[in-house]
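Summary of the model geometry
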Amino acid sequence: FGCHIIEPASGELASGLDGKGRMAEPEAIVRELSEFLSKKKITELPLRGKGVFINAGPTVEPIDPVRYISNYSSGRMGIALADEAARLGATVTLVLGPVGIKPAEREIVIIPVRTAAEMKEASLEAFRNCDIAILAAAVADFTPEETHDAKIKRGEGDMVIRLKPTEDIAATLGKLKGKGQFLAGFALETDNEVENAMGKLRRKNLDMIILNSLRDEGAGFGHQTNQVTIIDSNNNIDKFELKTKDEVASDILKKIIGLTR
């Protein structure tokens with residue numbers, strides 16, 4: 001525990017637990033320390049008793065058995081949020097697209113999905129009983145109208161794949177949001193970033209939106225770092241410097257904790 005034994009000026013070894021000149025029994029010391037650390041832990045867990053749902057990662061929209069449409073999302077930002085929420089005491093459910101990494105915190109419940117349709121269904125289910133939802137997944141906006149059962153062979157002419165829009169998960173959950181639920185989303189923008197993010201915040205009935213700009217070097221997909229601007233429903237704007245995704249997760253959750261108290 002990093003304890004230090006302090007020797008009094010008189011040279012006698014004293015114990016504050018059991019009187020001068022006599023050391024308390026080891027079991028008593030362990031019990032006192034355990035009770036102290038337990039009380040300290042409770043005060044440092046601001047999300048204790050809260051259910052947090054997070055979705056993360058890309059989706060995979062199949063064209064045929066060997067080809068699909070997807071994006072560059074690694075899921076790292078959403079996983080960092082899940083780990084940090086668990087460390088802060090929350091009961092965390094993570095709906096996770098196909099990625100090569102997993103959370104460090106073992107108590108996180110992971111629901112693996114692949115397609116946008118699967119992400120929607122799992123997100124709807126996880127959202128029902130959560131207190132806080134953070135939508136960090138990079139869900140495909142479009143999916144093929146037709147999925148072929150066999151591999152499409154190369155032809156002499158061009159190939160055309162017709163796409164249809166996927167359901168907007170954030171907008172759907174925004175309509176379902178109940179009293180006391182907090183809903184945060186992400187916006188990845190390339191131009192008119194703040195204006196577009198604020199529009200998304202209002203349209204989808206979010207309580208907070210985390211803005212990423214692809215103009216910021218070291219931010220977005222494929223990086224260990226991220227740079228975000230957090231906008232809440234009262235139009236308060238907090239811009240952060242480039243940080244590791246673990247540090248960004250801490251910033252985001254501190255903001256949410258402040259808004260939900």
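Residues numbered from 1 in each chain as written. Predicted model: local features only at pLDDT ≥ 70, side-chain atom pairs only at ≥ 80, totals over all residues. Heavy atoms only, no water.

**Focus on the nonpolar core**
Nonpolar side chains tend to gather and get buried jointly when the protein is soluble and globular. Membership of the largest hydrophobic core comes to 34 residues, with the highest contact counts inside it found for Leu81, Val92, Ile134, Ile252 and Ile256. Contributions of two or more residues to this core are made by β1 (51-56), α2 (76-87), β4 (91-96), β6 (132-135), β9 (182-189), β10 (208-213), β12 (228-232) and α6 (245-260). By residue number, the principal contributor to this core is α2, which donates seven residues. Once residues lying within four places of it in the same chain are set aside, the contact partners of valine 92 are Val52, Ile54, Ala82, Ala85, Ala86, Ile108 and Val109. (Core = buried A, V, L, I, M, F, W, Y, C linked by side-chain atoms within 4.5 Å. Buried < 20%, exposed > 50% of the residue type's maximum accessible area, 1.4 Å probe, protein only. Helix = DSSP H or I, 4+ residues; strand = E, 2+ residues; numbered from the N terminus. Contact = heavy atoms within 4.5 Å.)

**Description of the pattern of salt bridges**
A side chain of one charge can pair with a side chain of the opposite charge when the charged atoms of the two come close. Counted according to the given criterion, the structure contains 12 salt bridges. A salt bridge links glutamate 167 to lysine 120; the nearest nitrogen and oxygen atoms lie 3.2 Å apart. One end of the pair, glutamate 167, is in the loop between β8 (163-165) and α4 (169-176); the other, lysine 120, is in helix α3 (residues 116-127), and 47 residues separate them in sequence. Glutamate 167 sits in the partly exposed class, given a relative accessible area of 40%. For lysine 120, a relative accessible area of 19% corresponds to the buried category. Within this structure, Glu84, Arg87 and Glu105 form a network of salt bridges that share partners. (Salt bridge = Lys/Arg side-chain N within 4 Å of Asp/Glu carboxyl O.)

**So, helix α5 (residues 193-203)**
What α5 keeps buried is the set Glu193, Ala197, Met198, Gly199, Lys200 and Leu201. Those residues of α5 that are buried lie in contact with β9, β10, β12 and β13 (237-239). Once α5 ends, the next one or two residues include asparagine 205, with phi positive near 60 degrees.

**Considering the confidence of the model for the protein**
Per-chain confidence: the protein averages 88 in pLDDT, with 86% of residues scoring 70 or above. Taken as a whole, residues 1-18 scores under 50 in pLDDT and shows 19 contacts with residues more than four places along the chain or in a different chain. (pLDDT = per-residue confidence, 0-100.)

**A look at the sheet that holds β4**
If you walk across this open sheet you meet the eight strands as β5-β4-β1-β6-β9-β10-β12-β13, and the pairing is mixed. Among the strands making up the open sheet, the edge pair consists of β5 (109-112) and β13. Pairwise comparison of adjacent strand axes, ignoring direction, gives a mean angle of 15 degrees for this sheet. Two strands pair when backbone bridges link them, and β12 and β13 are joined in this way by three bridges, in the antiparallel orientation. Of the residues in β13, the one forming a bridge with threonine 229 is lysine 239. Relative to β4, α2 is tilted by about 165 degrees, and along the sheet it contacts β1, β4, β6 and β9. Packing of α5 onto the sheet brings it into contact with β9, β10, β12 and β13, and relative to β10 it is tilted by some 150 degrees. (Pairing = 2+ DSSP bridges. Axes fitted to C-alpha atoms, helices over the stretch in contact; angles between N-to-C directions.)

**Here's the deal with the packing of α3 against α4**
At a closest axis distance of 10 Å, the pairing of α3 and α4 adopts a crossing angle of 20 degrees. Classed by the angle they form, the pair α3 and α4 counts as roughly parallel. Crossing hand, α3 versus α4: right-handed. Taken together, the residues of α4 that come into contact with α3 (itself represented by Ala116, Met119, Lys120, Ser123, Leu124 and Phe127) are Ile169, Thr172, Leu173 and Leu176. The residue inventory of the contact of α3 with α4, partitioned by class, reads seven nonpolar, two polar and one charged. (Parallel < 35°, antiparallel > 145°, perpendicular 65-115°, else oblique. Left-handed = near helix turned anticlockwise from the far one by under 90°. Nonpolar A, V, L, I, M, F, W, Y, C, P; charged D, E, K, R; others polar.)

**Quick look at the pairing of β6**
Along β6, one buried face is formed by Ile132 and Ile134 and the opposite face, lined by Ala133 and Leu135, is buried too. By the bridge criterion, four bridges tie β1 to β6 in an arrangement that is parallel. Of the residues in β6, the one forming a bridge with phenylalanine 53 is alanine 133. Sheet analysis places β6 next to β9, joined by four bridges and oriented parallel. Counterpart to leucine 135 in the pairing with β9 is glycine 185.

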